[in-house]
Amino acid sequence: MYEGQDLKSVMYIFGLNFKKGDVALAKSQMDTIFKEIPDYSIMSFELGNEPNFYEGIYGKSSKEYIACCFVNDWERFVKALSCKNPAQFSTCTPGQFAGPVWGHVNMFPRTMEWFLKVNYPYMNLVTVHWVNYPYMNLVTVHWYKARREDQNTVQSLLAEGPVRTEMANLRKLVEISRRYGKDLRVAEMNTISNSGREGLSDSLAAALWTLDGALEVANTGAVGINLHWGDGLALYAALLRQKTGAAYVKPTYYAYLLLQMALGSGAQLVKLDLQALPGAKLKVWPLLDTKSGAMRIVLINKHATAAAGMSVRLPDDGYADGKLLRLLGKRGLEDEWGVSLGNMTYNLGGQVFGDPAGEIIAREEAAAAAGPAAGANAGAVVTEAGSSSGAAAASAASKPGVKYTVIMPAGSAALLVIPKQPKSTKAYPVIAISYKPVAAADFLTVGYWSLQGCKDRYLIATTHATIGLWGRMEGGTTTWEGDVPLRVYVPAEDKCDARKSFVGYDMPQDWNDYTVVLNCN
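Source: prediction; values computed, not measured.

Draft legend 1. Expanded view of the side chain of Glu-50. Its location among the elements puts Glu-50 in the loop between β2 (42-47) and α2 (62-82). Comment: no salt bridge for buried Glu-50; closest opposite-charge side chain is Lys-19, at 9.9 Å. Within the structure, the side chain of Glu-50 is placed 2.6 Å from the side chain of His-142, a separation counted as a polar contact.

Dropping the structure here:
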């Protein structure tokens, strides 16, 4: 498994056998992992898998087993695996395990709390597929559609109602985990359990579910997800390898790519002023690039036949035109082979078809709103009734800004990237500059400049303002004074107060055309 990999590029959660009740077997597995895998690649260990579905343990049903025995069995295992002397906690290595590896995010919050109270010192992660918290470093759970595999349809997969219920419960599990100082990770998720369903888990609908589901989990405060592929031949695997060795790309792979582009090297879910256009409901995930300040907005239209649209209003006029990349299918939500991202399609063996294509979404000037606007919650469903609900964004709406409008075809997703304007290097015209020399030495003249009519907002000046600046001119004349047409460069990062001093460097073209660079001291 580990051969040929960059040893520091991947971290693993390793599963240990729990269901057999054989501590020695689990200990042997754990010792082998420690021998073969560097410590920095081990995120955690999980005991068993989805214990809430265990049937026949001690002759009991799954519900009876959880009620009578699971927590005690878990504690017995982790003490034996963590401690030289299980009777003395000082001999134990805490925080190596993830659990309870629950089979769904619909785990009762009180069950999670019960589990953590007993076991938390031994955990390092809470995993709910979605106890015992001293032994843990992570809480883990799992998430699949809570519906019989053969009863799922495109409509049920993409239905918003069940997602709202499941994520509300997951948020409670995250809050409980945090009370015990543990992060929660959805350590296994995909569309439909038991390898998925043909024509659904390998369709464009599955790609939209994956994209939306990943952001839904992030919005609860969970720290991450693991998308399950099984043995690599499951219907919901994003890459499927043929017996010949060649792999081909499934629709969910395009969701992975778009999600990676949206998250970049750092992103934060934010609230924006969103306004719906007539049409279907639209799912919107606004993200702020924490490094560049760009907005990255994921849009998802889950409707099978109706287009949707929205406009987003930004109060800051420092944004450039937007760039849109679309995730589309040629044959609707059930499409398996005609899916593309930015007009690019990947085929058997990694062959690429199509020419990269995106769209420019021009920025429009937006006047200040007449009243308070709605700041849409991350993941808001924007309806044609108007602005999406959420916390007020009146302060942003009260200022003039810019607006971007996007129309989304039925059954599609897109990433709208709105970058910041590049730092300007162009010359800003100054209507007049008055210069009065006060001292002279060789080719250096020191004097006072008075800028009139400067329109550059970084100088905090208007057409009728006069700003006194201290500065110097190199290579000028010691006797000349008067009004000269100059072009002034002001670095975009210098938001200068009128009272701050400046240094100007004069690079004359001729006596009537000077270039002066002003920088804040």
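What follows picks up the thread again.
Draft legend 2. Structural context of the packing of helix α6 (residues 204-220) against helix α7 (residues 251-263). Here α6 crosses α7 at 30°, and the two axes come no closer than 7 Å. Classified by the angle between their axes, α6 and α7 sit roughly parallel to one another. Of the two elements, α6 crosses α7, and the hand of that crossing is right-handed. On α7, the residues touching Leu-204, Ala-206, Ala-207, Thr-210, Leu-211, Ala-214 and Leu-215 of α6 are Pro-251, Thr-252, Ala-255, Tyr-256, Leu-258, Leu-259 and Leu-263. Each residue belonging to the contact of α6 with α7 can be placed in one class, and the counts come to 12 nonpolar, 2 polar and no charged.

Draft legend 3. Representation of the nonpolar core in the model. With 79 residues, the main nonpolar core has Trp-74 and Val-298 as its most contacted residues. Discounting residues that sit within four places of it in the chain, Val-298 has contacts with Leu-211, Leu-215, Leu-258, Ala-262, Lys-283, Val-284, Trp-285, Leu-287, Ala-414 and Leu-415. Of all hydrophobic cores here, the second largest spans 23 residues; its members include Leu-282, Ala-308, Val-312 and Ala-414.

Draft legend 4. Up close: the state of the cysteines. Tallying each qualifying case throughout the model produces 2 disulfides. In this model, Cys-68 is linked to Cys-69 through a disulfide, with the two sulfur atoms separated by 2.0 Å. As the torsion about the S-S bond is roughly -85°, the Cys-68-Cys-69 disulfide counts as left-handed. Here Cys-83 pairs with Cys-92 through a disulfide, and the sulfurs are 1.8 Å apart. Since a negative S-S torsion denotes a left-handed disulfide, the Cys-83-Cys-92 link at about 105° is right-handed. Neither residue differs from the other here; Cys-83 and Cys-92 are each classed as buried.

Draft legend 5. Examining the pairing of strand β13 (residues 295-301) more closely. The buried count for β13 comes to 7 of 7 residues, which makes it a mostly enclosed element. Neither face of β13 is open: one carries Met-295, Ile-297, Leu-299 and Asn-301, the other Arg-296, Val-298 and Ile-300, and all of them are buried. Note that strand β12 (residues 282-289) and β13 share 6 bridges and pair antiparallel. Counted as the bridge partner of Lys-283 is Ile-300 from β13.

Draft legend 6. Region of the structure containing the pattern of salt bridges. For the coordinates displayed, the defined rule picks out 15 salt bridges. Where Glu-160 meets Lys-302, a salt bridge forms, and the shortest distance between an N and an O atom there is 2.9 Å. Taken together, the residues span a long stretch of sequence, with Glu-160 in helix α5 (residues 160-179) and Lys-302 in the loop between β13 and β14 (308-314) at a distance of 142 residues. A salt bridge links Asp-212 to Lys-283; its shortest N-O distance comes to 2.8 Å. Of this pair, Asp-212 sits in helix α6 while Lys-283 sits in strand β12, and the two are 71 residues apart along the sequence. Assigned by exposure class, Asp-212 and Lys-283 land together as buried. Connected through salt bridges with shared partners, the residues Glu-160, Arg-164, Asp-212, Glu-216, Lys-283 and Lys-302 form a single ionic network.

Draft legend 7. Focus on the environment of Phe-18. Inspection of the secondary structure puts Phe-18 in the loop between β1 (12-16) and α1 (23-36). When residues no more than four places from it in sequence are discounted, the contact partners of Phe-18 are Leu-47, Gly-48, Tyr-54, Tyr-65, Phe-70, Asp-73, Trp-74 and Phe-77.

Parameters and conventions
Numbers given to residues run from 1 along each chain, matching the order in which its sequence is written. Residues qualify for local features only when their pLDDT is at least 70, as the model is predicted, and side-chain atom pairs are given and counted only at 80 or more; totals for whole chains, interfaces and linings, by contrast, use all residues. For side-chain calculations, the full set of non-hydrogen atoms in the structure is used, while hydrogens and water are omitted. Helix and strand assignments come from DSSP, with helices taken as H or I runs of at least 4 residues and strands as E runs of at least 2, each series counted from the N terminus. In this scheme, a residue with accessible area under 20% of its type's maximum is buried, one over 50% is exposed, and one in between is partly exposed, where area comes from a 1.4 Å probe on protein chains only. Positive charge is attributed to Lys and Arg, negative charge to Asp and Glu, and no charge count is given to His or to the chain ends. A side-chain nitrogen of Lys or Arg and a carboxyl oxygen of Asp or Glu constitute a salt bridge if their distance falls within 4 Å. Distance and chemistry together define a polar contact, namely a pair of N or O atoms within 3.5 Å, with one atom able to donate a hydrogen and the other to accept it when in protein, and with adjacent residues in sequence counting only for side-chain atoms on both sides. Lines are fitted to the C-alpha atoms to define the axes, a helix being fitted only along its stretch in contact, and any angle between axes, read from their N-to-C directions, falls within 0 to 180 degrees. Angle categories: roughly parallel below 35 degrees, roughly antiparallel above 145, roughly perpendicular from 65 to 115, and oblique for all the rest. In this scheme, a crossing is called left-handed if the near helix is turned counterclockwise away from the far one by less than a right angle; it is called right-handed if the turn is clockwise. Contacts were defined at the residue level, with two residues in contact if any of their heavy atoms lie within 4.5 Å. Charged means Asp, Glu, Lys or Arg here, nonpolar means Ala, Val, Leu, Ile, Met, Phe, Trp, Tyr, Cys or Pro, and polar covers whatever is left, Gly included. Here the nonpolar core consists of buried residues drawn from Ala, Val, Leu, Ile, Met, Phe, Trp, Tyr and Cys, with membership extended through side-chain atoms lying within 4.5 Å. Cysteine sulfur atoms that pair up within 2.5 Å are treated as a disulfide. Any two strands with at least two DSSP-identified bridges between them are counted as paired.

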